[in-house]
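# Survey of secondary and tertiary structure
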Amino acid sequence: MSPLDQITLREIRLPLREPFRISSGSVSERRITLLELRDADGIVAWSEGVAPEEPNYREEAIDTAWTAISQWVVPRVLGRAFAHPRDVYAVLEQDFRGNFMAKAAVEMGMWVLEAMRQGVPLATLLGGTRSAIATGISLGIQSSPEALVDKASAAVAQGYRKVKIKIAPGQDVAYVRAVREALGPDAPLMADANNAYTLADAGLLAQLDDLDLMMIEQPLAWDDIVQHASLQRQLRTPLCLDESITSVDSARNMVTLDAGRIINIKPGRVGGFASSLAIHDYCVSAGVPVWCGGMLESGIGRACNVALASLPGFTKPGDLSPSSRYWAQDIVSPEWTMTADGMVPVPLDRPGLGVTVNVDRIDDLTVRRVVLR
Ligand code: OSB
Ligand code: MG
């Protein structure tokens, strides 16, 4: 790789078509970090940071990630020669704790840059083998079971291959049961609690066992593994960890303790692609299915997720809905689409992200911008 000359960091504001509510908060307009990386040969790559508006998912939020990216991450990569983007993450991990979303924004950009330099699709550089990704939808908490049933029925009619229902205390068993009864025994359903429960709720969560869910995602604390193991012993339904998995070490801990049987890999949560690949490879060897989660990304982050999800171990549908599920208009062309049978095609005919970044539109949406060189 040529040394990196410059990174332009921006924040854009992009309104969601409808508010998205999880157990710990709601968002109606995304504040999204975008990076434009430029190397010494003038090659340009875009990447996206996934840190949300508030620190209600993990501990990072856009304003902490902005500081971390500009103060600590970018100085470690600017002007430095790397043989391959897989070497970047070790440099970001050396005596630099946490801040996975901040690290990932830059690390993933380095992979996109290398894909552009080689003239290959990002999916190919990562070792992808699929040309289309089975796709699910993540439905935010709704005002009533009836409203949720309407959304879930529409999603199945659109072809989605998995319906993920966000749950919280008071909006859980009755809501999921209403969907199961409306959609029938074969509908691929799962629930995601985003840390809303404690071990004291094991009896309540066990009621979900009767509803035949594909999995229950992150019912307990965002940084816990041990208590999830105790809960898994009390449930038939497989647990899937999201927030608690930030590295191949935490994945190994999950498997060793049987704290979960499936992993949701979000490259933005685990520090980027090198860490995602390590988790993927470990899970393949351990027989643990993985799938690619989402963080309400724009078309740039979505391109990264789709590329990663094309690897062979991603055997369950991802949270990779098409652009129109989130935005009136995305910031890439073509926008991300889904076929009538719930597949998102991987753009294998173009290098890098596989989509064109609409820079004029990004300029219009930008609320702050800093050039680091
Ligand atoms: O827990 O997977 C989650 C969105 C924001 C924060 C956390 C989560 C989510 C989603 C959205 O479920 C998935 C998507 O991007 O469609
Ligand atoms: Mg989740």
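Residues numbered from 1 in each chain as written. Chains lettered and ligands numbered in written order. Predicted model: local features only at pLDDT ≥ 70, side-chain atom pairs only at ≥ 80, totals over all residues. Heavy atoms only, no water.

To continue, consider the sheet that holds strand E9 (residues 239–241). A sheet is described by the order of its strands in space; here 7 strands give the open sequence E5-E6-E7-E8-E9-E10-E11, paired in parallel fashion. Two strands in the sheet have a free side with no partner beyond their single neighbour: strand E5 (137–139) and strand E11 (290–292). As judged from the 3 bridges shared by strand E10 (residues 262–265) and E11, these two strands associate in the parallel manner. Looking at E11, one finds that asparagine 264 is bridged to tryptophan 291. (Pairing = 2+ DSSP bridges. Helix = DSSP H or I, 4+ residues; strand = E, 2+ residues; numbered from the N terminus.)

Our next topic: the environment of isoleucine 32. One can find isoleucine 32 in strand E2 (residues 25–39). Look at isoleucine 32 and you get buried, because its relative accessible area is 0%. Along the backbone, isoleucine 32 and proline 52 are 20 residues apart, and their C-alpha atoms lie at a distance of 7.7 Å. Setting aside residues up to four positions removed in sequence, isoleucine 32 forms contacts with Arg10, Glu11, Ile12, Leu14, Glu48, Ile62, Ser298 and Trp327. (Buried < 20%, exposed > 50% of the residue type's maximum accessible area, 1.4 Å probe, protein only. Contact = heavy atoms within 4.5 Å.)

Okay, the packing of helix H1 (residues 62–77) against helix H3 (residues 100–118) next. Two numbers describe how H1 lies on H3: the axes approach to 9 Å, and their chain directions differ by 45°. Between H1 and H3, the interaxial angle falls into the category oblique. Between H1 and H3 the crossing geometry is right-handed. Contacts between H1 and H3 involve Ala65, Ala68, Ile69, Val73, Val74 and Val77 from the former and Ala102, Lys103, Ala105 and Val106 from the latter. Taken together, the residues of the contact of H1 with H3 break down into 9 nonpolar, no polar and 1 charged. (Axes fitted to C-alpha atoms, helices over the stretch in contact; angles between N-to-C directions. Parallel < 35°, antiparallel > 145°, perpendicular 65-115°, else oblique. Left-handed = near helix turned anticlockwise from the far one by under 90°. Nonpolar A, V, L, I, M, F, W, Y, C, P; charged D, E, K, R; others polar.)

Our focus in this paragraph is the packing of aromatic side chains. Tallied over the entire structure, the rule returns 3 aromatic pairs. Pairing tryptophan 111 with phenylalanine 273 gives two aromatic rings, centres 6.2 Å apart and planes at 80°, and the pair type is edge-to-face. Highlighted residues: tryptophan 111 in helix H3 and phenylalanine 273 in helix H10 (residues 273–286), separated in sequence by 162 residues. The residues tryptophan 111 and phenylalanine 273 share a single accessibility class, namely buried. The positively charged end of lysine 103 is found above the aromatic ring belonging to phenylalanine 96, 4.3 Å away from the centroid. Stacked on the ring of tyrosine 326, the Lys or Arg arginine 325 has its end atom at 5.6 Å from the ring centre. (Phe/Tyr/Trp six-rings, centres within 6.5 Å; stacked < 30°, edge-to-face > 60°. Lys NZ or Arg CZ within 6 Å of the ring centre and 35° of its normal.)

Formed by 125 residues in total, the largest nonpolar core has its most connected members in Leu122, Leu208, Ile263, Ile300, Ile331 and Leu353. Looking at which element gives the most residues to this core, the answer is H3, with 12 residues. Excluding residues that lie within four positions of it along the chain, leucine 122 makes contacts with Trp111, Val112, Ala115, Phe273, Ala303, Cys304, Ala307, Gly352 and Leu353. In this structure, Met190, Met215, Cys240 and Trp291 belong to the second largest nonpolar core, which totals 5 residues. (Core = buried A, V, L, I, M, F, W, Y, C linked by side-chain atoms within 4.5 Å.)

The local shell around ligand 1 holds 15 residues, among which Ser138, Lys166, Asn194, Lys266 and Tyr326 are the closest. Contacts to ligand 1 include serine 138, whose side-chain N or O atom sits 2.9 Å from an oxygen atom. A distance of 3.0 Å separates an oxygen atom of ligand 1 from a polar atom in the side chain of aspartate 192. The class makeup of the residues in the shell around ligand 1 is 5 nonpolar, 3 polar and 7 charged. (Near = heavy atom within 4 Å. Polar contact = N/O pair within 3.5 Å; in protein donor to acceptor, adjacent residues only side chain to side chain.)

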